[in-house]
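Letter by letter, the chains look like this.
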Amino acid sequence: MTSLPQSTNKKLGLVIDLDTCVGCHACVVNCKEWNTSGYGTALSDQDPYGANPTGAWLNRIHTFEIVPDNSSNKPKGQGVGEVIGTAGEARVVHFPKSCLHCEDAPCVTVCPTGASYKRPEDGIVLVDEDKCIGCGLCAWSCAYGAREMDLAAGVMKKCTLCIDRIYNEELEEIDRQPACVRTCPAGARHFGDFADPQSNVSLLVAERGGFDLMPEQNNKPVNKYLPPRPRSDLGEGTQFSVPENDTKGADGLLGWIDRALSGSSKQKGAS
Amino acid sequence: MHPALSVISFTTLSGAGYGLAFVLALGHGNPAALSTKIAWVAALALISIGFLSSTLHLGNPQRAWRAVSQWRSSWLSREGCMCFISYVPLCLLAGMSIFYDSFDLTLGYVGAICCAVTVYCTAMIYASLRTIASWHTAWTPGFYLAFALTAGTLIYIAFFGPPVGSRSTQIWIYLSLVFLVASWAIKHFWARRAQAVGYGKSTMETATGLGHIGKVRLLESPHAMGNYLTNEMAFRIGRKHALKLHKIALLLGLALPVVLLALSLAITPVALVFTMLAALSFMAGVFVDRWLFFATARHAVGLYYGGDEALMPAD
């Protein structure tokens, strides 16, 4: 049934820390590695070693650059001199993106066959691949680009929150979390239950001001993102604008070298 | 959005088929006349060819029957259901005309309503998507319905209508001129809104949540080559030639049919040639216009790939 559940017992999802992500793509690769042999059909690639390789991936990292106009946008409660960005200095943010397991998931309601569904017990959005006709409408309805068609199998693929890991008692307890979270070397991804206000993810969101992507699309995403932390104002230390040839005030040995070299270059220039 | 030929054929052909069936179901055409019998077959053929072509873009068409199950939430499913439901009155009406030379007005009204509801469901598949701001408006079902009615009327006059030169033919032609102008007027309002709305309320800043730092720009794409998302949602060619194609659509879909219909009133001996050309020209215009409907649509996911800046045609 593609109608959404009224509410879910748990709200499992991810917190992604845009401050600590270093953009190494380890989560991207491990996601593909685990999921190509896990839930559903393999994640196929087309022309993988050719000139125009493409393929289905469930997690992608975009990298954005933001150059602030001014340094005055100091966040509240930060140390002296800490700013979110220095005017004219780019802040580079690596931006991992996978399914956000929305509470009001349009990808579920548009599905004509009932293949797309949201689990009432934990809120995970899944595709029953045996029912999927590969019409692609769910991918059209997703603002985040979280769904990609597998062109070999003709069915829609998406993040399962590694449903075959998180409940898998064959695995050591430390491994019972999504592959992307387990593999992240920077600790930029966190997995937990947002329905529990005392869970690790709920506390992180409260502490760091976790936010929704595209709130105006009214999808109520479960996954949250943590903003980049403020940092020291780079000030003029980063300005590499000392005028060339300005050697005023040089004295001692440096002054002598300056005078000696200036003299010789003048002579050279004159000859 | 990628303009899939199968989906464009489906929406234009089945739209015209339902338009023609709508006209016939309201009792036009003598049920005993051969032209009416052929018209019913033509309407059902257009509808069926349209629906069959729509299954061509599916990854697993053999499971398409499952698509009738989710009518409670999905407009695509509702459309599938309405397609099957409307076959009942339309096939009965066609059978009555073909085998018994008869017609039933009550059944006709049921059939006409089914035609309108099915076209409405098709349009709502697109209009219900919040991700594509230009589609997410009541104008979308508005122009789908208007074009279907106009196509149906023009095809009826040209191929199955009352005899050339008769008073009723003249009325039909005046009526179709009104439909023509009205449907393109609706499309004009749709296009004007589409141009203004862009990505709607979404921006690269809301997509990333980083707007408090400053203006966001894509520094590095997540993948070097295209993927399903960029191929499907970020179609470039349509943008590049949009203006030219829009003029072609208006020429074929509005200007030429109006001139041809006027000529058919003036030169009655060959009036049928003009009305036939008018119908075909209109269909061609709608086809180009439907191509643009997809090709120029901006999907919110484009914002993660740099928005319009990245989608501008690479000359």
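Residues numbered from 1 in each chain as written. Chains lettered and ligands numbered in written order. Predicted model: local features only at pLDDT ≥ 70, side-chain atom pairs only at ≥ 80, totals over all residues. Heavy atoms only, no water.

Asker: Quick rundown of the overall build of chain B? Include the residues and the values.
Answerer: Across its full length, chain B holds twelve helices and one strand. Helices and strands in chain B line up, N terminus first, as α-α-α-α-α-α-α-β-α-α-α-α-α. Taken over C-alpha atoms, the radius of gyration comes to 22 Å for chain B, in line with the 20 Å a tight globule of 315 residues would show. Counting only C-alpha atoms and orienting by the principal axes, one finds that chain B spans roughly 70 × 45 × 30 Å. Every one of the 315 residues in chain B was classed for burial, and the buried ones make up 52%. (Helix = DSSP H or I, 4+ residues; strand = E, 2+ residues; numbered from the N terminus. Rg over C-alpha atoms; globule rule 2.2 N^0.38 Å. Buried < 20%, exposed > 50% of the residue type's maximum accessible area, 1.4 Å probe, protein only.)

Asker: Account for unusual backbone geometry, naming residues and giving values.
Answerer: Residue and element names in this part refer to chain A. Positive phi outside glycine occurs at Met214, with the angle close to 40°. Relative to the helices and strands, Met214 is located in the loop between helix H6 (200-208) and strand S12 (224-226). When its relative accessible area of 0% is taken as the criterion, Met214 is described as buried. Although it is not a glycine, Lys220 sits at a positive phi angle of roughly 45°. Examined against the element boundaries, Lys220 turns out to sit in the loop between H6 and S12. Lys220 gets classed as partly exposed once you look at its relative accessible area, which sits at 49%.

Asker: A description of the packing of helix H6 (residues 167-197) of chain B against helix H11 (residues 271-295) of chain B should follow, citing residues and the corresponding values.
Answerer: For any two helices packed against each other, the geometry is given by the interaxial angle and the distance between the axes. Residues and elements named next belong to chain B. At a closest axis distance of 13 Å, the pairing of H6 and H11 adopts a crossing angle of 10°. Of the possible angle classes, the one that applies to H6 and H11 is roughly parallel. Each of Ile173, Leu180, Trp184, Lys187 and Trp190 in H6 lies in contact with H11, whose residues at this interface are Thr275, Phe282, Gly285, Asp289 and Phe293. Partitioning the contact of H6 with H11 into residue classes produces six nonpolar, two polar and two charged. (Axes fitted to C-alpha atoms, helices over the stretch in contact; angles between N-to-C directions. Parallel < 35°, antiparallel > 145°, perpendicular 65-115°, else oblique. Contact = heavy atoms within 4.5 Å. Nonpolar A, V, L, I, M, F, W, Y, C, P; charged D, E, K, R; others polar.)

Asker: Pulling in residues and values, what's your account of the interface of chain B and chain A?
Answerer: Accessible area lost upon the coming together of the parts is a frequently used measure of interface size. Facing 57 residues of chain B, the contacting portion of chain A comprises 65 residues. Both faces considered, chain B and chain A share a buried interface measuring about 4800 Å² in area, 61% of it formed by carbon and sulfur atoms. Its salt-bridge partner being Glu65 of chain A, residue Arg217 of chain B comes within 2.9 Å of it at the nearest N-O pair. Put simply, chain B and chain A have 29 residue pairs in polar contact (both at pLDDT 80 or more) between them. If you list the elements that add at least two residues to the side of chain B that touches chain A, you get helix H3 (75-100), helix H4 (105-127), helix H7 (204-208), strand S1 (215-220) and helix H8 (228-233) of chain B. (Buried area = accessible area lost by both parts, 1.4 Å probe. Salt bridge = Lys/Arg side-chain N within 4 Å of Asp/Glu carboxyl O. Polar contact = N/O pair within 3.5 Å; in protein donor to acceptor, adjacent residues only side chain to side chain.)

Asker: Tell me about a nonpolar patch on the surface, and please be specific about residues and values.
Answerer: Nonpolar side chains collect at one region of the surface, where Leu253, Leu254, Trp256, Ile257 and Leu261 of chain A lie side by side and expose about 570 Å² of accessible area between them. In this fold, Leu261 of chain A is placed in helix H7 (residues 252-270). (Patch = residues over 30% accessible without salt bridge, like charges linked within 9 Å, V, L, I, M, F, W, Y side chains within 5 Å. Areas by Shrake-Rupley, 256 points an atom, 1.4 Å probe, with all protein chains shown as cover.)

Asker: Please set out the sheet that holds S12 of chain A residue by residue, giving values where relevant.
Answerer: Residue and element names in this part refer to chain A. The strand order across the open sheet built from three strands is S11-S1-S12, with neighbouring strands paired in mixed fashion. Each end of this open sheet is capped by a strand with a single partner; those strands are strand S11 (189-193) and S12. When strand polarity is set aside, the average angle formed by the axes of neighbouring strands in this sheet is 25°. Inspection of the sheet shows strand S1 (residues 12-17) paired to S11 by five bridges, in the antiparallel sense. Bridging across to S11, Leu14 finds its partner in Phe191. (Pairing = 2+ DSSP bridges.)

Asker: How would you explain the sheet that holds strand S6 (residues 91-98) of chain A if you had to name every residue and give the values?
Answerer: Taken in spatial order, the three strands of this open sheet run S6(A)-S4(A)-S1(B), and their pairing is antiparallel. The sheet is open, and its two edges are formed by S6 of chain A together with S1 of chain B, each paired on a single side. On average, each strand axis in the sheet is tilted by 40° relative to the strand beside it, whichever way the strands run. Two strands pair when backbone bridges link them, and strand S4 (residues 59-67) of chain A and S6 of chain A are joined in this way by eight bridges, in the antiparallel orientation.

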